[in-house]
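Next come the chains, spelled out residue by residue.
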Amino acid sequence: VLYGIFDRVRRRWPRLLLENCASGGGRLDLGLLRRFHYTWITDWQLAPRSIKIFNGMTLAFPPELCDRNAGVGQDGHLRGDLDTQVRSCMLGHFTLTGIYPPGEHSNSAHVEQIKHHVAVYKEEIRPWLPTSRLYHHTPVLEGLEPQGWCVMELASADRRHGASGVFRLAGQGEPAFLFRPRGLDPSMTYTVTRDNVGLSFVRDGEALMSEGIRVRLDRPLASELLLVEATS
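Rules behind the numbers
- Residues numbered from 1 in each chain as written.
- Predicted model: local features only at pLDDT ≥ 70, side-chain atom pairs only at ≥ 80, totals over all residues.
- Heavy atoms only, no water.
- Helix = DSSP H or I, 4+ residues; strand = E, 2+ residues; numbered from the N terminus.
- Rg over C-alpha atoms; globule rule 2.2 N^0.38 Å.
- Buried < 20%, exposed > 50% of the residue type's maximum accessible area, 1.4 Å probe, protein only.
- Contact = heavy atoms within 4.5 Å.
- Areas by Shrake-Rupley, 256 points an atom, 1.4 Å probe, with all protein chains shown as cover.
- Lys, Arg positive; Asp, Glu negative; His and termini not counted.
- Charge placed at Lys NZ, Arg CZ, Asp CG, Glu CD.
- Core = buried A, V, L, I, M, F, W, Y, C linked by side-chain atoms within 4.5 Å.

## Focus on the overall build of the chain
Assigned secondary structure in the chain consists of six helices and 12 strands. Against the 2.2 N^0.38 benchmark of 17 Å for 232 residues, the chain shows a C-alpha radius of gyration of 18 Å, consistent with a compact globule. The principal-axis extent of the C-alpha atoms belonging to the chain is close to 55 × 45 × 35 Å. When each of the 232 residues of the chain is scored for burial, the buried share is 47%. Expressed as a percentage of contacts within the chain between residues at least 6 apart in sequence, the contacts between residues at least 24 apart total 65%. Accessible surface for the chain amounts to roughly 11800 Å². Of this, 53% is attributable to carbon and sulfur atoms. Within the chain, one finds 27 positive and 26 negative side-chain charges whose respective centroids are separated by 6 Å.

## Here's the deal with unusual backbone geometry
For the peptide bond that leads from Ala47 to Pro48, omega is 0°, which places it in the cis range. A positive phi angle is found at Arg159, which is not glycine, with a value near 65°. Its place among the elements puts Arg159 in the loop between strand S6 (149-155) and strand S7 (161-168). For Arg159, a relative accessible area of 30% translates into the label partly exposed.

## Some thoughts on the nonpolar core
By size, the foremost hydrophobic cluster in this structure holds 34 residues, and its most contacted members are Met90 and Met152. Of all the secondary structure elements, the ones that give two or more residues to this core are strand S2 (38-40), helix H3 (49-57), strand S3 (66-71), helix H5 (108-125), S6, S7 and strand S12 (222-230). Look past the residues within four positions of Met90 in its chain and what remains in contact with it is His117, Val120, Tyr121, Ile125 and Leu225. Among the nonpolar cores identified, the runner-up in size contains 17 residues, and Phe179, Tyr190, Leu208 and Leu226 belong to it.

Here's what the structure looks like:
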């Protein structure tokens, strides 16, 4: 009966975008997902569990289908710095709701940082996201509040673009992670941008894949975004 309702809705309004809400996974069967354009994979927006959920759900579903919310909705702003909160949503269907808690005043630096991330998503990730591959460098994260690292790498189908989220999770642990990209072409040359400092360097794909990129984060619930673009 439920499938029939949404089949009729789609026939009557073919240009209507339909979003599915996960309800703790209760509405994530394939029959429903084929009738919707994307799905909210969780109501839990607080790091590090929210990062673990996206990591796990994208083992089953393509990232562009998986909606994640950044902002003050459901208290997602309470854990992790602003960059980490937003980056944890930028590798999928990115939604931004509410950038200040009720009653708080605006902050220009805060607004500019959010604008930066939105621009990166729209210009550097979203154009090739629907045909990308997602590589899980840390596929298994233990516990409700996982510790250690979570690393996910998006790569365009032509291997010319990449965006990788490197997240340090809860607890004490190693302050550095050696990231070796998987979605590049060894024969190409790439410009790599470290978003934390806004600086770039050029290296060939073979060196990046074999030698890796060392990412150091000195505190838990911090992150780095690595953007890769082929230059030749």
